[in-house]
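# Architecture at a glance
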Amino acid sequence: CRNLLDRDTFSKSDPICVLYTQAIGNKEWREFGRTEVIDNTLNPDFVRKFIMDYFFEERENLRFDFYDVDSKSPNLSKHDFLGQMFCTLGEIVGSQGSRLEKSIVGIPGKKCGTVIVTAEELGCCRDSVLMQFCANKLDKKDFFGKSDPFLVFLRSNEDGSFTICHKTEVVKNTLNPVWQAFKISVRALCNGDYDRTIKVEVYDWDRDGSHDFIGEFTTSYRELSRGQSQFNVYEVINPKKKGKKKKYVNSGTVTLLSFLIETEVSFLDYIKGGTQINFTVAIDFTASNGNPSQPTSLHYMNPYQLNAYGMALKAVGEIIQDYDSDKMFPALGFGARLPPDGRVSHEFALNGNPQNPYCHGIDGVMEAYYRSLKSVQLYGPTNFAPVINHVARYAASVKDGSQYFVLLIITDGVISDMAQTKESIVNASKLPMSIIIVGVGPAEFDAMEELDGDVVRISSRGKFAERDIVQFVPFRDYIDRSGNHVLSMARLAKDVLAEIPEQFLSYMRVRGIKPLPAPPPYTPPIHVLQTQI
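Computed from a predicted structure; not experimentally measured.

## Considerations on the environment of Asp39
Mapped onto the elements, Asp39 comes out in the loop between β2 (29-34) and β3 (61-68). Taking the C-alpha atoms as reference points, Asp39 and Ser185, separated by 146 residues in sequence, lie 45 Å from one another.

## Observations concerning the sheet that holds β3
The strand order β2-β1-β3-β4 describes an open sheet built from 4 strands, whose pairing is antiparallel. Two strands lie at the open edges of the sheet, namely β2 and β4 (80-88), each paired on one side alone. Across the sheet, the axes of successive neighbouring strands diverge by a mean angle of 25°, strand direction being ignored. Pairing of β3 with β4 involves 8 bridges; the strand directions are antiparallel. Within β4, the position partnered with Asp65 by the bridge is Gln84.

## A short note on the packing of helix α8 (residues 385-397) against helix α9 (residues 418-428)
In the contact formed by α8 and α9, the axes pass within 9 Å of each other and the chain directions differ by 15°. As far as their axial angle goes, α9 and α8 are roughly parallel. Here α8 runs over α9; the crossing is left-handed. Between α8, through Ala385, Ile388 and Asn389, and α9, the contact on the second element is made entirely by Gln420, Thr421, Ser424 and Ile425. Each residue belonging to the contact of α8 with α9 can be placed in one class, and the counts come to 3 nonpolar, 4 polar and no charged.

## Some points on the packing of aromatic side chains
Aromatic rings in a pair are described by how distant their centres are and how their planes are angled relative to each other. Applying the stated rule across the entire model yields 24 aromatic pairs. Relative to Tyr234, the ring of Phe217 has its centre 4.6 Å away and its plane inclined at 15°; by these criteria the two rings are stacked. Here the residue Phe217 occupies a position in strand β12 (residues 212-220), and Tyr234 occupies one in strand β13 (residues 233-235), the gap between them amounting to 17 residues. Per residue, the accessibility class of Phe217 equals that of Tyr234, and both read buried. The ring of Tyr20 carries the charged tip of Arg63 above its face, separated from the ring centre by 4.0 Å. When the ring centre of Tyr379 is taken as origin, the NZ or CZ atom of Arg337, which lies over that ring, is 4.5 Å away.

## Quick look at the UniProt feature "domain: VWFA" (unreviewed entry) in the protein chain
Per the UniProt annotation, the sites labelled "domain: VWFA" (unreviewed entry) are residues 278-479. Across residues 278-479, helical content stands at 29% and strand content at 26%; the span's end C-alpha atoms are separated by 28 Å.

## A look at the environment of Ala498
In this fold, Ala498 is placed in the loop between α11 (485-497) and α12 (500-511). Counting along the chain gives 57 residues from Ala498 to Gly441, while the straight-line C-alpha distance between them is 23 Å.

## Notes on the sheet that holds strand β17 (residues 336-338)
Spatial strand order, β18-β17-β21: 3 strands in an open sheet with antiparallel pairing. Strand pairing shows two members of the sheet lacking a second neighbour, β18 (343-345) and β21 (377-378), which therefore form its edges. As paired elements, β17 and β18 share 3 bridges and run antiparallel to each other. When the sheet's bridge partners are listed, Arg337 is paired in β18 with Val344.

## What to know about a nonpolar patch on the surface
Among the surface-exposed residues, Ile24, Val486 and Leu487 lie close enough to one another that they form a single nonpolar patch of about 200 Å² accessible area. Checked against the element boundaries, Leu487 lands in helix α11.

## Things to note about the UniProt feature "domain: C2" (unreviewed entry) in the protein chain
Here, the residues flagged by UniProt with the feature "domain: C2" (unreviewed entry) are residues 1-102 and 111-234. Its end C-alpha atoms 10 Å apart, residues 1-102 is made of 6% helix and 34% strand.

## Let's talk about the domain arrangement of the protein chain
Along its sequence, the protein chain is carved into domain 1 (15-118), domain 2 (127-263) and domain 3 (274-511). With centres defined by C-alpha atoms, the gap from domain 1 to domain 3 works out at 35 Å. Contact residues are listed per partner, giving 13 residues for domain 1 and 16 residues for domain 3. Between domain 1 and domain 3, the buried area comes to about 1,300 Å², and carbon and sulfur atoms account for 64% of it. Looking only at domain 1, the three residues that lose the most surface to domain 3 are Phe56, Glu57 and Arg59, adding up to 53% of its buried area. Remark: the boundary between domain 1 and domain 3 carries 1 salt bridge. The partner of Glu58 in a salt bridge is Lys494, and the shortest N-O contact between them spans 2.6 Å. In this structure, the connection of domain 1 to domain 3 is made through 4 residue pairs in polar contact (both at pLDDT 80 or more). Here the element with the most residues in the side of domain 1 that touches domain 3 is helix α1 (residues 89-94); it accounts for 4 residues.

Rules used in this analysis
Residues numbered from 1 in each chain as written. Predicted model: local features only at pLDDT ≥ 70, side-chain atom pairs only at ≥ 80, totals over all residues. Heavy atoms only, no water. Helix = DSSP H or I, 4+ residues; strand = E, 2+ residues; numbered from the N terminus. Pairing = 2+ DSSP bridges. Axes fitted to C-alpha atoms, helices over the stretch in contact; angles between N-to-C directions. Parallel < 35°, antiparallel > 145°, perpendicular 65-115°, else oblique. Left-handed = near helix turned anticlockwise from the far one by under 90°. Contact = heavy atoms within 4.5 Å. Nonpolar A, V, L, I, M, F, W, Y, C, P; charged D, E, K, R; others polar. Phe/Tyr/Trp six-rings, centres within 6.5 Å; stacked < 30°, edge-to-face > 60°. Buried < 20%, exposed > 50% of the residue type's maximum accessible area, 1.4 Å probe, protein only. Lys NZ or Arg CZ within 6 Å of the ring centre and 35° of its normal. UniProt positions renumbered as here; feature names shortened; annotations may be inferred. Patch = residues over 30% accessible without salt bridge, like charges linked within 9 Å, V, L, I, M, F, W, Y side chains within 5 Å. Areas by Shrake-Rupley, 256 points an atom, 1.4 Å probe, with all protein chains shown as cover. Salt bridge = Lys/Arg side-chain N within 4 Å of Asp/Glu carboxyl O. Domains from an automatic or database assignment. Buried area = accessible area lost by both parts, 1.4 Å probe. Polar contact = N/O pair within 3.5 Å; in protein donor to acceptor, adjacent residues only side chain to side chain.

Written as structure tokens, this is what we have:
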């Protein structure tokens, strides 16, 4: 924190930070943890970290409360309140360099200072290794030919036992085999512990499964990571032979030919490196939705609660907006007749400005949606291709991994331009974009299930989509009978957004785009050394 309120008469405040998380259903705040207390400072740099689970598809509300600690009591009401800050976990993660700076509020008429929160993904060993081995002068085990050798890798467990983690292929009829390179995760190889023993056994393959043991050696990840060198030539020892024969040297040698570390990058690595997620909304204004002034209409403008379109838009938009720095969202409509001349449009700006269809924040999108309902005439048909192509034009212009586009289409159903839509989706599958379709109302959504390539990959004129980019859900599956929409909308958002990080990564992988390095971490200005309790 910087410039906290001073609540102590003779010295400076002794601040502590308390973190609360919010339950989705009843909105109740629960204490998650506390930092240490730092004595006598208004600019504390807290050391204690909070470790939380992060899900892109969930909105995790956070509250940071600050107190000036006056006694040993754990009861917070016994200490002076210094203010609080509200944010979401997505907001921290989605900020430049995953570093969020926000004002502390909560004490009327007073400036309470600022808080800086940084988030860091715990790597917990996402590396994998590509290794290749060869062997020389292995013992001859077969009566007629030479041996047919293969290697078995085992990692040691805490209790001293061994677990098999990899077998190479068999190289036939040679005492000097060269095995193919293989890839294995560091977790599988040594459980992320670089000094743990790795045992390698060498066998001669036999058709009947009674493979003959040639010998073994031990190593560790740390030794292997030195790469091809004199340290990575291993004597293959058969303990039985060694015990019997005085002159026994070894049963051959195994040499490491190459060792390459590959770090599996995550969705957050890209977000941290500055990749922005651009969110576009397209809303179905076809006549089958019903007259917006009637309570039976899916577009009914109920003064007391959101309609299905509003609910779906808010549920998905409020999560995605954390990953878009300017919070300006293009909002489009399709299937309506526009004033003044009544021409039918399949991609019109909800704010009435075709040159600049951007709305500020999800609230701005909602406002433009309600305004459009009052001015346009619901019509038809239901064409998706124009809005998909609209977003695809933008996505096609930035293929360097700096931006990714998510289009949310909310519709009441039966699609009129299936062939064109399939073609648009197949073309868009090569671009940095994903499409979410939420179906509202009672219609049959069979066609939508076909667009969602989970079961069968979508194709158009014999061309298959390069990757699955469509996620469809029917809104009616989420309507809570009890009327508690908060929980059901959180579930809806979770289901439609859960596939986005994987779709995002599949685009980056296919294109060979690596995340940019994160900006340098924030280093606080040097203060006089402070003692900590």
